[in-house]
Amino acid sequence: RFDESIFAADLGNVMAGNAPVEYMDGAMFFEKTYLTKGLKGLLESVLLRTSEKGSGQSVIQLQTPFGGGKTHSLLGLYHLFKEGEKLSHIDTVNKVKSLSRIDNIPNVKVAAFIGTHANALSDKTPWGEIADQLGVYELMKKDDEARIAPGKAKILKMLEKAGTSLILMDELMEYVVKSDRAEEVQNRVMGQTLAFLQELTEAVATTKTSVLVLTLPASTQVYDANAIHSLNKLQ
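Report on the accompanying structure. (Residues numbered from 1 in each chain as written. Predicted model: local features only at pLDDT ≥ 70, side-chain atom pairs only at ≥ 80, totals over all residues. Heavy atoms only, no water.)

## Some thoughts on unusual backbone geometry
The phi torsion at Arg147 lies on the positive side, around 60 degrees, for a residue other than glycine. Within the element layout of this structure, Arg147 appears in the loop between helix H8 (137-146) and helix H9 (152-162). Given a relative accessible area of 13%, Arg147 falls into the buried group. (Helix = DSSP H or I, 4+ residues; strand = E, 2+ residues; numbered from the N terminus. Buried < 20%, exposed > 50% of the residue type's maximum accessible area, 1.4 Å probe, protein only.)

So, in structure tokens, the structure goes:
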């Protein structure tokens, strides 16, 4: 009678508070999660980067087939930095900390943008949503309302004002497909989401401690030609 839908991890549902308890509760999530080599390396890299150790990647792209663990990996990062030291009694978390030679989880602001949850016509843009979650929306408000990518300089200001940040972006290709169509329907300047991703990537890489982790599908079998073109541009 086991419900296999439990494996359909969704970071957007966790943020909205309507996910299964195995994903909602950080302690239970780590107690039930097996630390694969890839997940361990990801958590360790982000810990090193955000703790000012001077190592760890600034921009990380996770690209696997469907069911390959992309969202599960983002959930691990989300809980680790959202709940931090509350999880110190969990063996899995302590193992990652010891591998990273870190005593305490750094104080990091976390922002997550989920492409499948966002409405490209009416919701905040990715830059507006990220700025809002980082607590600096006023800085990005005009760009969000105009739905025009803000530029690298303003993104750097956003990151500097927010402090050390972890930005998670899931299901990006789905959002780009919707955004391209929304821009066409509303007769707006095309390609703003892709422009923002380029600017964000460069801005995060310029900082000393912030990290961007984003996911892309490895397969395009279930998508049309426009989606495949979008994936190629994203890569």
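## Re the side chain of Thr207
You can see Thr207 is positioned in the loop between helix H11 (192-206) and strand S4 (211-217). The exposure class assigned to Thr207 is buried, which follows from its relative accessible area of 16%. One polar contact links the side chain of Thr207 to the main-chain carbonyl oxygen of Val204, over a distance of 2.7 Å. Apart from the residues within four sequence positions on either side, Thr207 is in contact with Arg49, Leu156 and Leu159. (Polar contact = N/O pair within 3.5 Å; in protein donor to acceptor, adjacent residues only side chain to side chain. Contact = heavy atoms within 4.5 Å.)

## A word on the nonpolar core
Counting residues in hydrophobic clusters, the biggest one holds 37 residues, and the most contacted among them are Val46, Leu77, Phe81, Leu166, Leu168 and Val213. In terms of nonpolar packing, the next biggest core, distinct from the first, is built from 35 residues, Phe113, Val176, Phe196 and Leu234 among them. (Core = buried A, V, L, I, M, F, W, Y, C linked by side-chain atoms within 4.5 Å.)

## Quick notes on helix H10 (residues 172-185)
End to end, H10 covers 20 Å across 14 residues, agreeing with the expected 20 Å (1.5 Å per residue, within 8%). Buried residues in H10 make contact with strand S2 (109-114), helix H7 (126-133), strand S3 (165-170), H11, S4 and helix H12 (225-234). Directly beyond the C-terminal end of H10, a positive phi value near 55 degrees is found at Asn187. (Expected span 1.5 Å × (residues − 1).)

## Brief notes about the packing of aromatic side chains
Taken as a whole and assessed by the stated rule, the structure comprises three aromatic pairs. Arranged with centres 5.3 Å apart and planes meeting at 85 degrees, the rings of Phe29 and Phe30 form a pair that is edge-to-face. Across the pair, Phe30 and Phe29 agree in class, each one buried. On the basis of an interplanar angle of 90 degrees and a centroid distance of 4.9 Å, the ring pair of Phe113 and Tyr175 is categorised as edge-to-face. Here Tyr175 lies in helix H10 and Phe113 lies in strand S2, a separation of 62 residues in the sequence. (Phe/Tyr/Trp six-rings, centres within 6.5 Å; stacked < 30°, edge-to-face > 60°.)

## Re the packing of H10 against H11
In the contact formed by H10 and H11, the axes pass within 8 Å of each other and the chain directions differ by 135 degrees. Taken as axis vectors, H10 and H11 run oblique relative to one another. On the side of H10, the interface is formed by Leu172, Tyr175, Val176, Ser179 and Glu183, while H11 contributes Gln192, Thr193, Leu194 and Leu197. (Axes fitted to C-alpha atoms, helices over the stretch in contact; angles between N-to-C directions. Parallel < 35°, antiparallel > 145°, perpendicular 65-115°, else oblique.)

## Here we look at the pattern of salt bridges
Under the defined criterion, the tally for this structure stands at three salt bridges. Its salt-bridge partner being Lys154, residue Asp143 comes within 2.7 Å of it at the nearest N-O pair. In this pair, Asp143 sits in helix H8 while Lys154 sits in helix H9, placing the two residues eleven residues apart along the sequence. Using a relative accessible area of 14% as the deciding quantity, one classes Asp143 as buried. (Salt bridge = Lys/Arg side-chain N within 4 Å of Asp/Glu carboxyl O.)

## Some words on the pairing of S2
Burial analysis of S2 places five of its six residues in the buried class, the great majority of the element. Relative to S3, S2 runs parallel, the two sharing six bridges. Note on S3: the bridge partner recorded for Ala111 is Ile167. (Pairing = 2+ DSSP bridges.)

## Some details on the pairing of S4
For S4, a buried count of seven out of seven residues is recorded, marking the element as mostly surrounded by other parts of the structure. As judged from the four bridges shared by S3 and S4, these two strands associate in the parallel manner. Its bridge partner being in S4, Leu166 is matched across the sheet by Val211.

## Looking at the environment of Ala19
Mapped onto the fold, Ala19 is located in the loop between helix H1 (11-16) and helix H2 (21-24). When its relative accessible area of 16% is taken as the criterion, Ala19 is described as buried. Measuring from C-alpha to C-alpha, the distance between Ala19 and Lys37 comes to 26 Å, with 18 residues separating the pair along the chain. Once residues within four sequence positions are removed from consideration, Ala19 is found in contact with Asn13, Val14 and Met24.

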